[in-house]
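Results of the structural survey
Given next are the chains, with one letter for each unit.
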Amino acid sequence: MAYADRNTGGSRIVAIVLVALIVAGIGYAFVTGLAFQYVKKAAEKLNTFDVEEPPPPPEEVPPPPPPPDTPVPPPPTQIVTPPALVQVQAPTPTFPTTPVIPPPPTLAPPTPPAPVAPPQPPAPPKVAKPLVARNPGSWVTDDDYPAAALRAEQQGTTGFRLQVDPTGKVISCDITSSSGSSLLDTTACNLLKRRARFTPAQDAAGNKIPAGYSSRFTWRIPR
């Protein structure tokens, strides 16, 4: 059965190819015959076509001669003067001015006068004989102890300097070192000015002169 099918398929292919070749040959013959008929008809029409000759070109008419040269008057020349430029000066703007008041002059303070040097004290005279104290142990004693200082148990050493005149009398008393109690210092100066006596100092000429005397006194609470 398979062998029969193969033979039948091959016969069909051969038949189809033969039919295609026949149809192609008929088509080619048909096309070739129709083309020949159309070419033949076109040739007959060309043989009967009358060709007309073109008409001769028209004769060219020469242009008229140019007119004689006539002088053309030049155009009138007009000098156009530009208008003069007038420069108008703009007014200068004025601004109100405030008067400037100068500041008052600065017055320098007056120069203070130079200080006047104090007069030099007179040079002390040369002492030929010094000042001599008379009985200084009796000037201040324990009996002179202030009662208030005793109650407060105040004690200490008072330093002093006395100025003595030419007669040997004390004219001033200055505390050079305090005992720590103003009451004791004041009491000492008051007693010395009343009780202290001196033999005046003398210069080289034997004249009595003022002099100074310095010493100390110790206050001790009596037991």
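None of these values were measured; they are calculated from a predicted model. (Residues numbered from 1 in each chain as written. Predicted model: local features only at pLDDT ≥ 70, side-chain atom pairs only at ≥ 80, totals over all residues. Heavy atoms only, no water.)

**Things to note about the overall build of the chain**
Of regular secondary structure, the chain possesses 3 helices and 8 strands. Along the chain, from the amino end to the carboxyl end, the secondary structure elements read α-β-β-α-β-β-α-β-β-β-β. Counting only residues that meet the buried cut, the chain has 17% of its 223 residues in that class. Sequence separation of at least 24 residues holds for 72% of the intrachain contacts in the chain that already meet a minimum separation of 6. (Helix = DSSP H or I, 4+ residues; strand = E, 2+ residues; numbered from the N terminus. Buried < 20%, exposed > 50% of the residue type's maximum accessible area, 1.4 Å probe, protein only. Contact = heavy atoms within 4.5 Å.)

**Some remarks on the packing of aromatic side chains**
Enumeration over the complete set of coordinates arrives at 5 aromatic pairs. Here F217 and W219 contribute two aromatic rings whose centre-to-centre distance is 5.1 Å and whose plane-to-plane angle is 85°, an arrangement assigned as edge-to-face. These aromatic residues form a ring-pair network of at least three members: W139, F198 and Y213. (Phe/Tyr/Trp six-rings, centres within 6.5 Å; stacked < 30°, edge-to-face > 60°.)

**Here we look at the side chain of D185**
Turning to its location among the elements, D185 is positioned in helix α3 (residues 182-195). Here D185 is buried and forms no salt bridge, its nearest opposite-charge partner R216 lying at an N-O distance of 12 Å. In this structure D185 touches T158, I175, S178 and S179, once residues within four positions along its chain are discounted. (Lys, Arg positive; Asp, Glu negative; His and termini not counted. Salt bridge = Lys/Arg side-chain N within 4 Å of Asp/Glu carboxyl O.)

**Considerations on the sheet that holds strand β6 (residues 201-203)**
Read from one edge of the open sheet, 3 strands run β1-β6-β7, paired in antiparallel fashion. Both outer strands of the open sheet, β1 (127-129) and β7 (208-209), are each paired with one neighbouring strand and no more. Note that β1 and β6 share 2 bridges and pair antiparallel. Across the sheet, residue K129 finds its bridge partner in β6, namely Q202. (Pairing = 2+ DSSP bridges.)

**Some words on the pattern of salt bridges**
Applying the stated criterion to the full structure yields 1 salt bridge. Of the charged contacts, one joins D144 and R195 as a salt bridge, the two residues approaching to 2.6 Å between their closest N and O atoms. Of this pair, D144 sits in the loop between β2 (132-134) and α2 (147-151) while R195 sits in helix α3, and the two are 51 residues apart along the sequence. Here R195 falls in the partly exposed class, since its relative accessible area comes to 31%.

**With respect to the nonpolar core**
In terms of nonpolar packing, the biggest core is built from 24 residues, with L162 and F198 touching the most fellow members. Of all elements in the fold, only β3 (156-164), β4 (170-177), α3 and β8 (211-219) reach the threshold of two or more residues within this core. Residue contributions to this core peak at 5 residues, all from α3. Those residues in contact with L162 that sit more than four places away from it in its chain are V170, S172, C173, L192, A196, F198, A211, G212 and Y213. (Core = buried A, V, L, I, M, F, W, Y, C linked by side-chain atoms within 4.5 Å.)

**A short note on α3**
Between its first and last C-alpha, α3 extends 20 Å over 14 residues, near the 20 Å set by a 1.5 Å rise per residue. Along α3, the residues that are buried comprise L184, D185, T187, A188, C189, L191 and L192. Of the surrounding secondary structure, the elements contacted by the buried residues of α3 are α2, β3, β4 and β8. (Expected span 1.5 Å × (residues − 1).)

**Let's talk about a nonpolar patch on the surface**
A surface patch of nonpolar side chains, about 490 Å² in accessible area, is lined by I13, V14, V17, L18 and L21. With respect to the helices and strands, the residue V14 is situated in helix α1 (residues 2-47). (Patch = residues over 30% accessible without salt bridge, like charges linked within 9 Å, V, L, I, M, F, W, Y side chains within 5 Å. Areas by Shrake-Rupley, 256 points an atom, 1.4 Å probe, with all protein chains shown as cover.)

**Brief notes about the state of the cysteines**
In a disulfide, the sulfur atoms of two cysteines are covalently bonded to one another. If you walk through the whole model with that rule in mind, you get 1 disulfide. Covalently, C173 is tied to C189 through a disulfide, its sulfur atoms 2.2 Å apart. Every disulfide takes its handedness from the sign of the S-S torsion; for C173 and C189 that torsion is -65°, giving left-handed. With C173 in strand β4 and C189 in helix α3, this pair connects stretches of sequence that are 16 residues apart. The two residues C173 and C189 agree in class, both being buried. (Disulfide = S-S within 2.5 Å.)

**Digging into the pairing of β3**
Residues in a regular strand point their side chains to alternate faces of the sheet. Both β3 and β8 contribute to a ladder of 9 bridges, which runs antiparallel. The residue of β8 that forms the bridge with G156 is W219. Here β3 runs beside β4; their pairing, made up of 6 bridges, is antiparallel. Each residue of the ladder has a partner; that of L162, found in β4, is C173. Here β3 folds back onto β4, and the loop between the two strands holds 5 residues, one of which, G168, carries a positive phi near 95°.

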